[in-house]
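# Examination of the molecular architecture
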Amino acid sequence: MSYGVSDAWVRFGSQAALRGVSVDVPTGQVTAVVGGDGAGKTTLLRSLVGRVGLDQGSVAVPARERIGYLPATAGSWLDMSVQENIDFVGGAYGLAGQALAQRSDPLLERADLAGVRDRLSGQLSGGMRRKLGFCLAMLPDPELLVLDEPSTGVDPVSRVDLWRLISEAAANGSAVLMSTTYLDEAERCASLLVLHDGRTLLSGTPHEVVGSLPGTIVSTATLSRPDFGWRHGRELREWFPEGRQPTGGVAITPGLEDVVIASSLKLALDGEEQP
Amino acid sequence: MTRQSTASPTLLTQSRAVSKRFGHFNAVVDVSMNVAGGEVVGLLGANGAGKTTLIRILLGLIGASEGEALLMGAPPSREQRSSIGYVPQSLGLYDDLTVKENLDFTASAYSQARPSVPADLADHADTLVGDLALGTQRRLAFACALLHRPALLVLDEPTSGVDPLSRARLWDTIHQQADAGVGVLVTTHYMQEAQQCHRLLLMSGGRLVAQGSEHDVIGGTTAVEISTDDWAAAFSVLERAGEAVTLDGTDVRVADGDAHRLQLVLEAAGVPARIRSVPATIEERMTVLARAERVSSTPTRS
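First, a word on what this report is: a plain description of the structure on this page. (Residues numbered from 1 in each chain as written. Chains lettered and ligands numbered in written order. Predicted model: local features only at pLDDT ≥ 70, side-chain atom pairs only at ≥ 80, totals over all residues. Heavy atoms only, no water.)

### Quick notes on the packing of aromatic side chains
A complete count under the given rule lists five aromatic pairs over all chains for this structure. Arranged with centres 6.0 Å apart and planes meeting at 70 degrees, the rings of Trp-163 of chain A and Trp-231 of chain B form a pair that is edge-to-face. One end of the pair, Trp-163 of chain A, is in helix 5 (residues 156-171); the other, Trp-231 of chain B, is in helix 8 (residues 231-240), on a second chain. Ring centres of Phe-228 of chain A and Trp-239 of chain A lie 6.2 Å apart, and the angle between their planes is 50 degrees; on these two criteria the pair is classed as tilted. Separated by eleven residues along the polypeptide, Phe-228 of chain A in the loop between strand 10 (216-220) and strand 11 (229-232) and Trp-239 of chain A in strand 12 (residues 235-240) bring together distant segments of the chain. For Trp-239 of chain A, a relative accessible area of 1% translates into the label buried. These aromatic residues form a ring-pair network of at least three members: Trp-163 of chain A together with Trp-231 and Phe-235 of chain B. For the cation-ring pair, Arg-159 of chain A lies above Tyr-182 of chain A, with the distance from its terminal atom to the ring centre recorded as 3.8 Å. (Phe/Tyr/Trp six-rings, centres within 6.5 Å; stacked < 30°, edge-to-face > 60°. Helix = DSSP H or I, 4+ residues; strand = E, 2+ residues; numbered from the N terminus. Buried < 20%, exposed > 50% of the residue type's maximum accessible area, 1.4 Å probe, protein only. Lys NZ or Arg CZ within 6 Å of the ring centre and 35° of its normal.)

Here is the structure:
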């Protein structure tokens, strides 16, 4: 079973936010959407949960009451307590009393939030608040779980907690689609989609995406062509698309980050040549 | 008693045994640190470690309960603050002003001449900041912070939510500033960024628990790296066994783990894996610290 969108176009006025994007979201797996701000990640996710209509293309999703959604900016009500958030969102899904407790108690327990039920969401740390948002999205026992940047701004310790929760949801049979700006997270997803300016820049399994870049990437102290170079930790990296032997530097086995950056550079350079 | 008068002019900011209490909560405990011109100092720690409180004390936005903070060798004042460029996490821009208006306003607040709009923002000069993508807003916040040529740049998670190429470009700007003699204090959650700093400070539970190079900050902490075809299975087996599991790509790692014991746990669960001991990452050091803190729940941090 697989959900997703096919050849999705979304326009806001004269701006096209999505230009023919397709993504498959299979059950039992985590699929990642990667891209910077303005790439179209949020529009793609919102089109899956029915908050943005497509101008063209098709959407395959389960019944609305079996979709869980964590928005990028909120996810819970700051002036309500953890328990009030659970009760409120549970109510929206027709859950209350024993049925709601049976669903929410194990979620709060695993998210390490069972001890802070009375605390206002606005008084939780950033990481705890994202975990609460995750629990709320999990309340409908979703067949499709859509998470918009669950880990942005979350510290490394809470990021690991979130990852455990997300991978468990997939292992229990949900189809999970999440957006992220952290490429190490995308690298451990079953498949990923890199968006740039509303278009699909790269897609496939992490292995396929990393293998799709032509040429050679070198680690170097000086860049021979700054337009093809970038900083990586303490070193500089430079891409030679034609694979010709670089004069300086050491050829490396590229990671996902190298491939995404090199592909973005290529797109920027192509754009300059063909305005 | 002569310490203050001997404060080196190149020490742009420093804290001496600074503590800060909010009620019974010790947000910062006995922290001494400094930033000199030309260096990029990374301030690391989990949420609640005390990073932002320390920065607010260094900037003079709040006072210390004990100890002292110095900016340019003197207690923070309005005048001292004019030599700082500060980019808070929230960016501090005016959403209902355009890019050009934000630059003009910032320049006038620092009594600077009207600036020209930087080339990489020129296309957006008349766009309201609220209508800009986050990456572009971050570039503008940088441009505003650099307008008055500050001696010290303080950046609170400067690249959170930014795509990889923009992140690399923002770090180019940070290094250019440091090369020109500016001191930079930067908080980050992103470990690859920590590696770009000349020096690291690691906070946990309000205290400065380690400082120096990446190697110094990691200390003797080790990790066990577990390579397997089914990372999800290995992850959940070890998680259930109460291990401090993290992920690196599709490798499972356990900070402070015992390789032999982990091997037995995985074998018992029928998960084949290749296991080896490796030096810990900064991220793992932070996970170990956070776990130790959860267990001990120091009464002073109730």
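### A few points about helix 4 (residues 126-138) of chain A
One turn of an α-helix holds 3.6 residues; hence residues three or four places apart share an orientation. Residue and element names in this part refer to chain A. With 13 residues, helix 4 extends 19 Å between its outermost C-alpha atoms, agreeing within 8% with the 18 Å of an ideal straight helix rising 1.5 Å per residue. Buried residues dominate helix 4, accounting for ten of its 13 residues. Regarding helix 4, the residues found buried are Gly-127, Arg-130, Lys-131, Leu-132, Gly-133, Phe-134, Cys-135, Leu-136, Ala-137 and Met-138. (Expected span 1.5 Å × (residues − 1).)

### Re helix 8 of chain B
Listed in full, the buried residues belonging to helix 8 of chain B are Trp-231, Ala-234, Phe-235, Val-237 and Leu-238 of chain B. The inward-facing, buried residues of helix 8 of chain B contact helix 5 of chain A together with strand 10 (222-227), strand 11 (245-248), strand 12 (251-255) and helix 9 (259-268) of chain B. Just downstream of helix 8 of chain B lies Gly-242 of chain B, where phi reads positive at about 80 degrees. (Contact = heavy atoms within 4.5 Å.)

### Here we look at the packing of helix 5 of chain A against helix 8 of chain B
Between helix 5 of chain A and helix 8 of chain B, the shortest axis-to-axis distance is 11 Å and the interhelical angle comes to 120 degrees. Judged by the inter-axis angle, helix 5 of chain A sits oblique to helix 8 of chain B. Here helix 5 of chain A runs over helix 8 of chain B; the crossing is left-handed. Listed contacts from helix 8 of chain B to Trp-163, Arg-164 and Ser-167 of chain A of helix 5 of chain A are Trp-231, Phe-235 and Glu-239 of chain B. When the residues that make up the contact of helix 5 of chain A with helix 8 of chain B are grouped by side-chain class, the tally is three nonpolar, one polar and two charged. (Axes fitted to C-alpha atoms, helices over the stretch in contact; angles between N-to-C directions. Parallel < 35°, antiparallel > 145°, perpendicular 65-115°, else oblique. Left-handed = near helix turned anticlockwise from the far one by under 90°. Nonpolar A, V, L, I, M, F, W, Y, C, P; charged D, E, K, R; others polar.)

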